[in-house]
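# Observations on chain architecture
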Amino acid sequence: MSHTEQAAVERSTTHSTFVIERTYDASPQRVFDAWADPAAKTKWFGPREKPDGAYSLEFRVGGREHLKVPTPDGNIYTFDALYHDIVPGRRIVYTYDMHRDDARISVSLAAVEIEAHDDGTRLTLTEHGVYLDGHDTPAQREHGTIELIDALGEHIRAEV
């Protein structure tokens, strides 16, 4: 994109926070492991069928996660995360960028809290996002994240 084309792009930022809570009939360690183990996470995170090399996970403080997938409309979405804090079985904190093709559409900070609840586990995901230049909205991101967390629940139920 030329400098003139960049100047013509409408620039904006939208800030938003959402919280998603779920309970699972599984131990906190099983829920945590579904996030931490690359073989498990690839089953519920993103589309079930991924192109070769489209997904990688280095689950450690300072580690990175990457997902790059095409959509039926011809766009390519990229998720790039950096893990900042991990407390095994309890907490995961990471930041991530989302791109659609070459455009950065958002930057987010997410915290996943995992705690014993009755005979199972309560997961609380809190996400603070900055949505850029109208390419994405808080409602779209919350909807997509709910779909991912629900896929996590399906994965955990299927493991039994």
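Use the structure listed above.
So, here's what we can say about the structure. Numbering of residues starts from 1 in every chain and runs along the sequence as written. Local features are withheld for residues below a pLDDT of 70 in this predicted model, meaning they are given only at 70 or higher, and side-chain atom pairs are given and counted only at 80 or more; totals for whole chains, interfaces and linings count all residues. For side-chain calculations, the full set of non-hydrogen atoms in the structure is used, while hydrogens and water are omitted.

Right, let's get into the overall build of the chain. When helices and strands are tallied, the chain shows 4 helices and 7 strands. Reading the secondary structure of the chain in the N-to-C direction produces α-β-α-α-β-β-β-β-β-β-α. Every radius of gyration here is taken over C-alpha atoms, with the globule rule written as 2.2 Å times N^0.38, N being the number of residues. Scaling as 2.2 N^0.38, a compact globule of 160 residues should have a C-alpha radius of gyration of about 15 Å, and the chain matches this with 17 Å. Over its C-alpha atoms, taken along the principal directions, the chain stretches across nearly 60 × 35 × 30 Å. Put simply, 49% of the contacts in the chain that link residues at least 6 apart link residues at least 24 apart. As presented, the chain carries roughly 9000 Å² of accessible surface, and 51% of it is formed by carbon and sulfur atoms. Within the chain, the 28 negative side-chain charges are centred at a point lying 3 Å from the centre of the 17 positive side-chain charges. A run of DSSP states H or I qualifies as a helix once it reaches four residues; a run of E qualifies as a strand once it reaches two. Both are numbered from the N-terminal end. Contacts are residue-level and defined by heavy atoms, with any inter-residue pair within 4.5 Å sufficient. The protein chains shown are the only cover counted for residues, whose accessible areas, like all others here, come from Shrake-Rupley with a 1.4 Å probe. The charged-residue count follows a simple rule in which Lys and Arg add positive charge and Asp and Glu add negative charge, with His and chain termini not counted at all. To locate a charge, the coordinates of NZ of Lys, CZ of Arg, CG of Asp or CD of Glu are taken.

In summary, the pairing rule links any two rings of Phe, Tyr or Trp, Trp by its six-membered ring, whose centres are within 6.5 Å, and it sorts them by plane angle into stacked for under 30 degrees, edge-to-face for over 60 and tilted for everything else. The tally for this structure, following the rule as stated, stands at 9 aromatic pairs. Relative to Tyr96, the ring of Phe79 lies with its centre 4.9 Å away and its plane at 40°, an arrangement referred to as tilted. Placement of the pair is Phe79 in strand E4 (residues 76–87) and Tyr96 in strand E5 (residues 91–100), with a sequence separation of 17 residues. Here Phe79 matches Tyr96 in class, with each residue buried. Judged by centre distance (5.5 Å) and plane angle (45°), the ring pair of Tyr83 and Tyr94 falls under tilted. Taken together, the residues span a long stretch of sequence, with Tyr83 in strand E4 and Tyr94 in strand E5 at a distance of 11 residues. In terms of burial, Tyr83 and Tyr94 fall into one category: buried. Members of the aromatic cluster, connected to one another through ring pairs, are Phe32, Trp35, Trp44, Phe45, Tyr55, Phe59, Phe79, Tyr83, Tyr94 and Tyr96. Each residue is assigned to one of three classes by its accessible area relative to the maximum for its type, calculated with a 1.4 Å probe on protein chains only: buried under 20%, partly exposed between the two thresholds, exposed over 50%.

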